[in-house]
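# Inside the fold
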Amino acid sequence: MPVVLDAFHATDLPSGGVVAIGNFDGVHRGQRALIDRVTERARALDVPAVVITFEPHPLAVLRPNRAPRRLTTPERKVDLLEEAGVDVVLVVKFTEEFARTTAGEFVEEFLHQKLGVREVYVGAGFVFGHEREGDLALLESSGAELGFAAGGVEVVTLRDERISSTRIRQAVAEGRTEDAREMLGRPYAIAGEVVRGDRMGQRLGWPTANVATGAELLPQDGVYATRLHIPSYPATFDSVTNIGTRPTVYENYQRVVETHILGFDSDVYGEAVQVQFFRRLREERIFPTIMDLSAQIGRDVEEAREYFVTLRRLEENG
């Protein structure tokens, strides 16, 4: 799938497409409703389905101290958009200069003149342009003048609250990974490389893959039922993941992500993996002895194993 970087200043752009505009961090169920509308209309008109997104997040430029931590890396976001059926991703480089672009200029110069859009869709509450002056109403009125249609999509809710990237970030940060999975439509996941650790898990009888990750947002410290995807196999394995500082073993230790893979003992050092979070099993805590810690890990493993047996039954029954 083509990805155009710095699309606002690019010249070789798709023309006549159906377009969605937004940040799309997480590509969650609410955003998927927007993308599904765009891909459906694009297929009906036999034109490209195009997503316009911004990099970095506008707040990272305008108010860095309030910039949200990412749910997805830019690369992962592109992968998810491609999986959703998008044909082209246009990445607008958000800078202080671009922030001075008025909503009218964005519509006239970019959407109309450069892209020749057929239809434009945005999510609920979407605003754009200098001082956030643009919204759906402006897109609709501009479209009527310039010859394109504009529309919004209905809000997608979970338990009577709107699904949003902000709400998902809060759920992840609080360790509510089941809530995050419901809102995302898939497990929250982080990517990283398996690196050599101190082999403490091996000495405890529970060897782990230590995942060095650049993820901006980790779930709250604790123990989780997870799945580990290893692309080189390719396979996804049930697992138990601890996030934290291992206070029973060390004082003031760095925060680590370590995963015990159920029924697996192969060497995966150097592998690029993805850890998918399903359920928080417990908090991280200090145990009286190393033997007590090892026994608790055994209970965590059994709880995770039972969880995935039940989950597989549910998945098989639809």
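Remember, predicted model here, so these are calculated numbers, not experimental data. (Residues numbered from 1 in each chain as written. Predicted model: local features only at pLDDT ≥ 70, side-chain atom pairs only at ≥ 80, totals over all residues. Heavy atoms only, no water.)

### A few points about unusual backbone geometry
Heads up, the condition is: Numbering goes from the N terminus for both helices and strands, where a helix is a DSSP run of H or I of at least four residues and a strand is a run of E of at least two. Relative accessible area decides the class of each residue, using a 1.4 Å probe on protein chains only: under 20% of the type maximum gives buried, over 50% gives exposed, and in between gives partly exposed.
That bond from Glu55 to Pro56 is cis: its omega, -5°, falls within 30 degrees of zero. Within the secondary structure, Pro56 is located in the loop between strand E3 (49-55) and helix H2 (58-62). Of the consecutive residues Tyr233 and Pro234, the connecting peptide bond is found in the cis state with omega at -20°. As for its placement among the helices and strands, Pro234 is situated in the loop between strand E11 (222-230) and strand E12 (235-244). One non-glycine residue, Glu131, adopts positive backbone phi at about 55°. Counting through the fold element by element, Glu131 comes out in the loop between strand E5 (119-122) and helix H6 (136-146). Given the relative accessible area of 68%, Glu131 is considered exposed. Positive phi values are uncommon outside glycine, yet Arg159 reaches one of about 50°.

### Side note on the sheet that holds E11
Operational definition: The criterion for strand pairing is that DSSP finds at least two bridges linking the strands in question. The angle between two axes is taken between their N-to-C directions and runs from 0 to 180 degrees, where each axis is a line fitted to C-alpha atoms and a helix contributes only its stretch in contact.
Spatially, the 6 strands close up into a barrel ordered E9-E10-E13-E12-E11-E14, and their pairing is antiparallel. Taking each pair of neighbouring strands and ignoring which way they run, the sheet shows an average axis angle of 45°. Sheet topology places strand E9 (residues 188-195) next to strand E10 (residues 209-213); 4 bridges connect them, and they run antiparallel. Each bridged residue has a counterpart across the sheet, and for Val194 the counterpart in E10 is Val211.

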